[in-house]
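Structural overview
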Amino acid sequence: RKEVEQDPGPFNVPEGATVAFNCTYSNSASQSFFWYRQDCRKEPKLLMSVYSSGNEDGRFTAQLNRASQYISLLIRDSKLSDSATYLCVVNLARAGSYQLTFGKGTKLSVIP
Amino acid sequence: NAGVTQTPKFQVLKTGQSMTLQCAQDMNHNSMYWYRQDPGMGLRLIYYSASEGTTDKGEVPNGYNVSRLNKREFSLRLESAAPSQTSVYFCASRTGNTGELFFGEGSRLTVL
């Protein structure tokens, strides 16, 4: 099992739709989790951190399920500007670890 | 706000040539990272530096060397470039081993 796996995508959704991405991770001792957004030919940028209690930022909701070892990202009322690749990122727990592991990303295209 | 600055942004090399990618951050971050991103492979860690004076191998270190010149600067060197090193390289930094990772804009390297 790969350390971090994401929905393969691509997701093509109409404007206004709700779309959800899932990500699974293999190390049960992983400590911190993030969703990054990457626009075409640009650098990744933090979208939101994922907390155990779940967190929301406007139209975006992130959830963490430690028992099943997955995180999710829900985007409501999709906008054209949401079109991007969404990267799941996990901070794996190893002694002195400074390494984050990235999923391969899920591409979202929001269609007019 | 410069953040993380990488140079050069584009480079074409011939097989066997050497070059150094430069990275500097002005956020007083302790840890710095070099990733490469290839289609279908996601972001893979080449080397990282947890703090000034230390460097460690990541997932794909072969063919690369790094230098943490000071707290601000972290360079990546290709001693003898190979076509397999054609990729987009991202430098990143953050405080310690938690929290948001900030990326540079990327360096697109082509090895012929």
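Everything quoted here is computed from the prediction, not taken from an experiment. (Residues numbered from 1 in each chain as written. Chains lettered and ligands numbered in written order. Predicted model: local features only at pLDDT ≥ 70, side-chain atom pairs only at ≥ 80, totals over all residues. Heavy atoms only, no water.)

Turning our attention to the sheet that holds strand β8 (residues 70–75) of chain A. Residue and element names in this part refer to chain A. One open sheet accounts for 5 strands, arranged β1-β3-β8-β7-β6; its pairing is antiparallel. In the strand order of this sheet, the two ends are held by β1 (4–6) and β6 (55–57), each with one partner. Across the sheet, the mean angle separating the axes of adjacent strands is 15° when strand polarity is ignored. The pairing of strand β7 (residues 60–65) with β8 spans 6 bridges and is antiparallel. When the bridges of β8 are listed, F60 appears paired with I75. (Pairing = 2+ DSSP bridges. Helix = DSSP H or I, 4+ residues; strand = E, 2+ residues; numbered from the N terminus. Axes fitted to C-alpha atoms, helices over the stretch in contact; angles between N-to-C directions.)

The next thing to look at is the sheet that holds strand β8 (residues 74–78) of chain B. Strands in a sheet are paired, the pairing made by backbone hydrogen bonds, and the direction either parallel or antiparallel. All names here are of chain B. Spatially, β1-β3-β8-β7 is the arrangement adopted by the 4 strands of the open sheet, whose pairing is antiparallel. In this open sheet, the two strands that pair with only one neighbour each are β1 (4–7) and β7 (64–68). This sheet shows a mean twist of 15° between the axes of neighbouring strands, independent of strand direction. Sheet topology places β1 next to strand β3 (residues 19–25); 4 bridges connect them, and they run antiparallel.

Bringing the layout of surface pockets into the picture now. The calculated volume of the largest pocket comes to roughly 520 Å³. Around the largest pocket sit 21 residues that line it, and Q38 and R41 of chain A together with Q37, D38 and P39 of chain B are the ones nearest its centre. With 3 residues, the single largest contributor to the lining of the largest pocket is strand β9 (residues 87–94) of chain B. Looking at the lining of the largest pocket, its residues break down into 6 nonpolar, 8 polar and 7 charged. (1 Å grid on protein atoms, 1.4 Å probe; cavity = no way out; pocket = protein on both sides within 12 Å on 5 of 7 lines; lining within 4 Å. Points joined across faces, edges and corners; volume = space filled by probe spheres on them. Nonpolar A, V, L, I, M, F, W, Y, C, P; charged D, E, K, R; others polar.)

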